[in-house]
Amino acid sequence: MKLIIAIIKPFKIEEVKDALAAIGIEGMTVTEVKGFGRQKGHTEIYRGSEYTVDFLPKVKVEIAVADALAGKVIDVIVGAAKTGKIGDGKIFVLPLEDVVRIRTDEHGDAAL
Amino acid sequence: MLGTLFSPRTLLLAFGLAAVSWGACAAEAPAAPSLEERLTALEAYVNNADPGTALTGVPGPGHNAWMMTSAALVLFMTLPGLALFYGGLVRSKNVLSVLAQCLGIAGLVTILWWAFGYSFVFGKSFTESGSFLGHFLGGTEFLFLRGVGSAPNTDYAFWVSHNVFAMYQMMFAIITPALIVGAIAERMKFSAILAFVTLWMVFIYFPLAHMVWGATGSMNGVWNAEASIRAIDFAGGTVVHMSSGWSALVLCLILGPRIGFLKEKMAPHSMVLCMVGTGVLWAGWYGFNAGSALAADGVAANAFMTTTVAAAVGAFTWPMLEWLTRGHPSILGFCSGAVGGLVVITPAAGFVGVSGAVLIGLLAGAVPFFACTKLKGWLKYDDALDTFGVHAVGGTMGALVTGLLATADVNANLTGAAATKNGLAGLVTDGGLWFEQLKAMGLTIVLSVLGTIAIAYLVKATIGLRAAPEVERQGLDLAEHGEEGYIY
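Rules used in this analysis
- Residues numbered from 1 in each chain as written.
- Chains lettered and ligands numbered in written order.
- Predicted model: local features only at pLDDT ≥ 70, side-chain atom pairs only at ≥ 80, totals over all residues.
- Heavy atoms only, no water.
- Helix = DSSP H or I, 4+ residues; strand = E, 2+ residues; numbered from the N terminus.
- Rg over C-alpha atoms; globule rule 2.2 N^0.38 Å.
- Buried < 20%, exposed > 50% of the residue type's maximum accessible area, 1.4 Å probe, protein only.
- Areas by Shrake-Rupley, 256 points an atom, 1.4 Å probe, with all protein chains shown as cover.
- Lys, Arg positive; Asp, Glu negative; His and termini not counted.
- Charge placed at Lys NZ, Arg CZ, Asp CG, Glu CD.
- Contact = heavy atoms within 4.5 Å.
- Buried area = accessible area lost by both parts, 1.4 Å probe.
- Salt bridge = Lys/Arg side-chain N within 4 Å of Asp/Glu carboxyl O.
- Polar contact = N/O pair within 3.5 Å; in protein donor to acceptor, adjacent residues only side chain to side chain.
- Axes fitted to C-alpha atoms, helices over the stretch in contact; angles between N-to-C directions.
- Parallel < 35°, antiparallel > 145°, perpendicular 65-115°, else oblique.
- Left-handed = near helix turned anticlockwise from the far one by under 90°.
- Nonpolar A, V, L, I, M, F, W, Y, C, P; charged D, E, K, R; others polar.
- Core = buried A, V, L, I, M, F, W, Y, C linked by side-chain atoms within 4.5 Å.
- Pairing = 2+ DSSP bridges.

Student: Just checking my understanding: could you explain the overall build of chain B for this structure?
Tutor: In terms of regular secondary structure, chain B is built from 19 helices and 0 strands. Computed over C-alpha atoms, the radius of gyration of chain B comes to 25 Å, within 12% of the 23 Å expected from 2.2 N^0.38 for 488 residues, which places it in the range of a compact globule. Projected onto its principal axes, the C-alpha positions of chain B cover 85 × 60 × 45 Å. A burial count over chain B gives 54% of its 488 residues as buried. For chain B, the accessible surface area stands at approximately 19,700 Å², while carbon and sulfur atoms represent 71% of it. Here chain B carries 21 positive and 26 negative side-chain charges, and the mean point of each set is 12 Å from the other.

This is the structure in structure tokens:
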């Protein structure tokens, strides 16, 4: 099993969710986060005061999937979240040791 | 029913009353006003003039209605206008402290005004008794608002109830120290602000307001035939904006900058609140400027128009300059320009025409813009919300420009009886008024700066000016008021 963590532009979350739903992904966790990469921040000016804002708002999507599905999920996220401009985000893929469905105490693939 | 109506006690009372009124008639025998006198009084009501023999001691309903509306509008400028304008510009941890300061000042100044403030500003017993105090203050006849009833005080307005006039002027006394809050926001402790404001009102505001607006005021060129400085200030360029702005600069220098100033991000936490506050200020300013005619007359109508035009031109000019020089027309730019336009037109509103208002709007968008964006950066003083940059710079410029643009065409009082006697009328026609304005500006700056230095060091030496560093870090809301602005 894999844990896929995607950091994407906030306005792309609906497209990514719909594209994942279309290939049968039934669950995900979404968090509003802040951070920066090569895009860096932006500048805000209030009268005479200028402030550099380093951290930009992004959305983090976490999805646990079976090994066989991981490649397809990544392709779908890239396809839906890409604008081609700097700041599109990143996808991190981690090996996932176990998954437990709390209601039934199922483990592993059965719990996904 | 009939029994009570014709009871012996009722009959006795009726006879008694008849006897008393018969006696009074016999003693005074006032002649009933003639039809001519009654008509003259009604015309005087329409023209906002002296009613003569009939209708004395009676407020005029239209003028009274406008002045009560205006008083409410000027209070609305502070609560919530200025409170939101400033509240939006601080960091979220300090938003309530600004609201508390505005509310606290409203209560404190009202008590001072009731006890002696009104009397010190608008009384005239000091001058009448030849006291030295008469140069700076009014008198003692209205202490605790004694005798301030619904009949007009004709020293100030023929048709406005004295109590309405006193409440209207009180709203100016409330907003003026509240303006200072902008410079010292996010770091001065609440107790120190209350102590400072109490002394500041007594030693700076009351004398200035008396000198400029009091019937015996030495800078009241329009209404005091004995004025030594023949200056004009329609709605408070010197009294309100210069005094608060220059005092704000001095106080923020003595107080010192906020912890982290020029190192940490201190951006406004809500431009939305700031914009809402600006809209309230703008609407409330009609009470401030058009209300300063103290009547619903032609001078008020002219002030209404000049106020609108100057505010709108200022609100447009500032962000256009931002767009040209820095790439974006910002919401804070629109708000600052609007307030700038309103500040600069304040002393001029009832004395200049609409072309003058356009010029004033342009200047108000440009000069305070320069003061807030460049001057402040060079000098590095921490005037947190730009009270100096907008109110002192704008107010000072407004006082001078008023001297250059004032015309008797829009306000005949500039060449009225008192103005003719003290020489103001001549200065208005021959163009020498600007020099009298300079004198009034100089006196205002000297009194504000020296007075604030003395008061600030006195408060600093006794109870201290600043909140503790850990309080400032945590935010004044939680530490000083035990509340949070936003619960997520």
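Read on, since the account is not over.
Student: I tried to follow the overall build of chain A on my own but got confused; where do I start?
Tutor: Of the regular secondary structure elements, chain A holds 2 helices and 8 strands. Sequence-ordered secondary structure for chain A, helices as α and strands as β, is β-α-β-β-β-β-α-β-β-β. Expected size for 112 residues packed as a compact globule is a radius of gyration near 13 Å; at 17 Å, chain A overshoots this value by more than 25%. Considering chain A as a whole, with its 112 residues, one finds that 30% of them fall into the buried category. Of the accessible surface of chain A, which amounts to about 7,100 Å², a share of 54% is contributed by carbon and sulfur atoms. A distance of 8 Å separates the average location of the 16 positive side-chain charges in chain A from that of its 17 negative side-chain charges.

Student: Where do I start with the interface of chain A and chain B in this structure?
Tutor: Interface extent is often summarised as the accessible area lost during association of the parts. Each partner contributes residues to the interface: chain A has 7 residues there, and chain B has 16 residues. Counting the surface lost from both chain A and chain B, the interface buries some 1,000 Å², and carbon and sulfur atoms represent 58% of this. Taken as a group, Y46, R47 and Y51 of chain A account for 73% of the area that chain A buries against chain B, more than any other trio of residues on that side. Taken together, the connections running from chain A to chain B amount to 2 salt bridges. When the shortest N-O distance is used, the salt bridge between E44 of chain A and K265 of chain B registers 3.7 Å. Here chain A and chain B share 5 residue pairs in polar contact (both at pLDDT 80 or more) between them.

Student: Help me out: how do you make sense of the packing of helix α8 (residues 190-213) of chain B against helix α17 (residues 433-462) of chain B in this one?
Tutor: For any two helices packed against each other, one specifies the inter-axial angle together with the distance between the axes. All names here are of chain B. One can describe the packing of α8 onto α17 by two numbers: an axis separation of 10 Å at closest approach and a directional angle of 155°. Taken together, α8 and α17 sit at an angle that is classed as roughly antiparallel. Between α8 and α17 the crossing geometry is right-handed. Facing A192, A195, F196, L199, W200, F203, I204, L208 and M211 of α8, the residues of α17 in contact are L443, T444, L447, S448, G451, T452, I455, A456, L458 and V459. Class assignment for the residues of the contact of α8 with α17 results in 15 nonpolar, 4 polar and no charged.

Student: Help me understand the environment of T444 of chain B, please; the structure alone is not making it clear to me.
Tutor: All names here are of chain B. Within the secondary structure layout, T444 lies in helix α17. For T444, a relative accessible area of 0% translates into the label buried. Along the chain, T444 and F206 lie 238 residues apart, while their C-alpha atoms are 12 Å from each other. One polar contact links the side chain of T444 to the main-chain carbonyl oxygen of A440, over a distance of 2.7 Å.

Student: I tried to follow the nonpolar core on my own but got confused; where do I start?
Tutor: In globular proteins that are soluble, nonpolar side chains generally tend to be buried together. One finds F196 and Y205 of chain B to be the most contacted residues of the largest nonpolar core, which totals 136 residues. When residues of this core are assigned to their parent elements, the largest contribution, 16 residues, is made by helix α7 (residues 162-184) of chain B. Filtering out sequence-adjacent residues up to four positions away, F196 of chain B remains in contact with I180, M188, L251, T452, I455, A456 and V459 of chain B. Of all hydrophobic cores here, the second largest spans 17 residues; its members include I4, L20, V65 and V76 of chain A.

Student: Got a minute to help me understand the sheet that holds strand β2 (residues 29-35) of chain A in this structure?
Tutor: Paired through backbone hydrogen bonds, the strands of a sheet run either parallel or antiparallel to each other. Residue and element names in this part refer to chain A. Pairing is antiparallel in the open sheet, where 4 strands are placed in the order β2-β5-β1-β6. Whereas interior strands pair on both sides, the edge strands pair on one side only; in this sheet they are β2 and β6 (89-95). Pairs of neighbouring strands in the sheet enclose a mean axial angle of 20°, with direction left out of account. Pairing of β2 with strand β5 (residues 56-65), which is carried by 7 bridges, proceeds in the antiparallel orientation. Its bridge partner being in β5, E32 is matched across the sheet by V59. Contacts from helix α1 (residues 13-22) reach β1 (2-8), β2 and β5 within the one sheet, and its direction differs from that of β5 by about 10°. Across the sheet, helix α2 (residues 67-81) is in contact with β1, β5 and β6; its angle to β1 comes to roughly 5°.

Student: How do you make sense of unusual backbone geometry when you look at a structure like this?
Tutor: Residue and element names in this part refer to chain B. Following L79, the chain continues into P80 via a peptide bond in cis, with omega recorded as 10°. Relative to the elements of secondary structure, P80 occurs in helix α4 (residues 61-89). In the Ramachandran plot, F144 falls in the positive-phi region, its phi being about 55° despite a non-glycine side chain. Even without a glycine there, the phi angle at E186 is positive, about 75°. Considering the arrangement of structural elements, one finds E186 in the loop between α7 and α8.

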